[in-house]
Amino acid sequence: MTDIPGAVRPDRRAELAAGLTQVRARIADACAAAGRDRGEVTLIAVTKTYPAGDVVALTGLGVTDVGENRDQEAAPKAAEAAAAGAAPRWHFIGQLQRNKARSVVRYADVVQSVDSVRLAVALDAAAAAVRDRPLDVLVQVSIDGDAARGGALPGVGDPDRGLDPVAEAVAGSAGLRLAGLMAVAPLGWEPERAFARLAEVAERFRARHPGATVLSAGMSGDLESAIGYGATHVRVGSALLGMRPTLR
Ligand SMILES: *Cc1c(COP(=O)(O)O)cnc(C)c1O
């Protein structure tokens, strides 16, 4: 059975079903606590390091969206899942080299990690060349303003890395659709403090870009706090699929 591409053992399927039940309950409870409708929050299953069979099993359990952070891993996984009949929405959530743009735009429905004008330009060119519809893009925003880490910089005039220039570049690209913002809480920050600051940035951003309503924030450890501060998409890996052998 393990020889069949996309196949998953029954015990693994049961494990994923149990994880999914727990994560869905956490999301529902967080929505209730925040006075939000459960339908406002989409679960993205982050399947990095896990095989295509897990993607197939999760879509069979009703998961509609999956996330991956490395092109070398995601491209063959998406092909294998598709061959097994699984067609979730693929979110690319990792740091993206411009020379990988051509590959990513072939399978990704959403790229969540655009944090420079140069990357937006490369993705637009790649999307225009190989896609028949615009690619949904989230601008990844830095919560702590540390330029050395990922994320566009709110309130900073840098022409390549500033949040406004990056958003304008995406919004002005025929091959891309500006869908919203993504962020990761900085290491060492209380989630409440991080997501409160993100909510302020998101509010100002939506005043300029009213159609860009997606806010992707919250992971296994902090999804409740993110939902409390308005996340529309949570990206959950380990709480759903198990601890990854290497942390990344
Ligand atoms: C790995 C990853 C996640 C999921 O993290 P967990 O803690 O396993 O839920 C979410 N977002 C990004 C950008 C990631 O790289």
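Colleague: Even after reading the chapter, I still don't get the pairing of strand 6 (residues 176-182), so can you show me in this structure?
Modeller: Working note: regular strand, side chains alternate between the two faces of the sheet. Buried residues dominate strand 6, accounting for 6 of its 7 residues. Taken together, strand 5 (residues 135-140), helix 6 (residues 163-171) and strand 6 constitute a β-α-β crossover, and its handedness is right-handed. Relative to strand 7 (residues 214-216), strand 6 is paired through 3 bridges, and the arrangement is parallel. Residue Gly-180 lies in a different strand from strand 7, and its bridge partner there is Val-214. Handedness of the strand 6-helix 7 (residues 191-208)-strand 7 crossover: right-handed.

Colleague: Just to check I follow, could you spell out the site of the ligand for this structure?
Modeller: Surveying the vicinity of the ligand reveals 11 residues, the closest of which are Lys-48, Ser-220, Gly-237, Ser-238 and Arg-244. In the environment of the ligand, a nitrogen atom lies 2.9 Å from a nitrogen or oxygen atom belonging to the side chain of Arg-235. Across the complex, the protein chains shield 87% of the 390 Å² of accessible surface that the ligand would expose by itself. In this structure the site holding the ligand corresponds to the largest pocket. Of the residues assigned to the shell around the ligand, the class counts are 4 nonpolar, 3 polar and 4 charged.

Colleague: Can you help me understand the packing of helix 2 (residues 52-60) against helix 3 (residues 71-83) in this one?
Modeller: Axis angle and axis distance: for two packed helices, these are the angle between their axes and the distance between the axes, and together they describe the pair. Look at helix 2 against helix 3: their axes get within 8 Å of each other, and the N-to-C directions meet at 50°. One way to sum up the angle between helix 2 and helix 3 is to call them oblique. Helix-helix and strand crossings are classified by hand; for helix 2 and helix 3 the assignment is right-handed. Across from Ala-52, Val-55 and Val-56 in helix 2, the residues of helix 3 making contact are Lys-77, Glu-80 and Ala-81. A class-by-class count of the residues in the contact of helix 2 with helix 3 yields 4 nonpolar, no polar and 2 charged.

Colleague: I would appreciate a short explanation of the layout of surface pockets in the present structure.
Modeller: With a probe scaled to a water molecule rolled over the atoms, the places where space remains empty come into view. Counted as a void, the largest pocket has a volume near 1,400 Å³. In terms of lining residues, the largest pocket is bounded by 49 residues, among which Ile-93, Gln-140, Gly-150, Met-182 and Val-184 are the most central. Of all the elements in the fold, those that place two or more residues in the lining of the largest pocket are helix 5 (117-130), helix 7 and strand 8 (233-236). Taken together, the residues of the lining of the largest pocket break down into 21 nonpolar, 15 polar and 13 charged.

Colleague: Whenever I open this one, helix 3 confuses me. Can you help?
Modeller: Structurally, the α-helix is built with 3.6 residues per turn, so residues lying three or four positions apart point the same way. End to end, helix 3 covers 18 Å across 13 residues, agreeing with the expected 18 Å (1.5 Å per residue, within 8%). Along helix 3, the residues that are buried comprise Asp-71, Glu-73, Ala-74, Lys-77, Ala-78 and Ala-81. Considered in projection along helix 3, the buried side chains sweep an arc of 150° and stay on one side of the axis. Each element contacted by the buried residues of helix 3 is listed here: helix 2, strand 2 (65-68), strand 3 (89-92) and helix 4 (101-107).

Colleague: Please explain the pattern of salt bridges as it appears in this structure.
Modeller: Opposite charge on two side chains permits pairing when their charged atoms draw close. The tally for this structure, following the rule as stated, stands at 14 salt bridges. For Arg-89, the salt bridge identified is with Asp-136, shortest N-O distance 3.7 Å. Of this pair, Arg-89 sits in strand 3 while Asp-136 sits in strand 5; the two residues are 47 residues apart in sequence, bridging distant segments of the chain. A salt bridge links Arg-208 to Glu-168; its shortest N-O distance comes to 3.7 Å. In this pair, Arg-208 sits in helix 7 while Glu-168 sits in helix 6, placing the two residues 40 residues apart along the sequence.

What counts as what
- Residues numbered from 1 in each chain as written.
- Predicted model: local features only at pLDDT ≥ 70, side-chain atom pairs only at ≥ 80, totals over all residues.
- Heavy atoms only, no water.
- Buried < 20%, exposed > 50% of the residue type's maximum accessible area, 1.4 Å probe, protein only.
- Helix = DSSP H or I, 4+ residues; strand = E, 2+ residues; numbered from the N terminus.
- Right-handed = clockwise from strand over helix to strand, strands pointing away.
- Pairing = 2+ DSSP bridges.
- Near = heavy atom within 4 Å.
- Polar contact = N/O pair within 3.5 Å; in protein donor to acceptor, adjacent residues only side chain to side chain.
- Areas by Shrake-Rupley, 256 points an atom, 1.4 Å probe, with all protein chains shown as cover.
- 1 Å grid on protein atoms, 1.4 Å probe; cavity = no way out; pocket = protein on both sides within 12 Å on 5 of 7 lines; lining within 4 Å.
- Sits in = over half its atoms within 2 Å of the grid points.
- Nonpolar A, V, L, I, M, F, W, Y, C, P; charged D, E, K, R; others polar.
- Axes fitted to C-alpha atoms, helices over the stretch in contact; angles between N-to-C directions.
- Parallel < 35°, antiparallel > 145°, perpendicular 65-115°, else oblique.
- Left-handed = near helix turned anticlockwise from the far one by under 90°.
- Contact = heavy atoms within 4.5 Å.
- Points joined across faces, edges and corners; volume = space filled by probe spheres on them.
- Expected span 1.5 Å × (residues − 1).
- Arc of directions from axis to C-beta.
- Salt bridge = Lys/Arg side-chain N within 4 Å of Asp/Glu carboxyl O.

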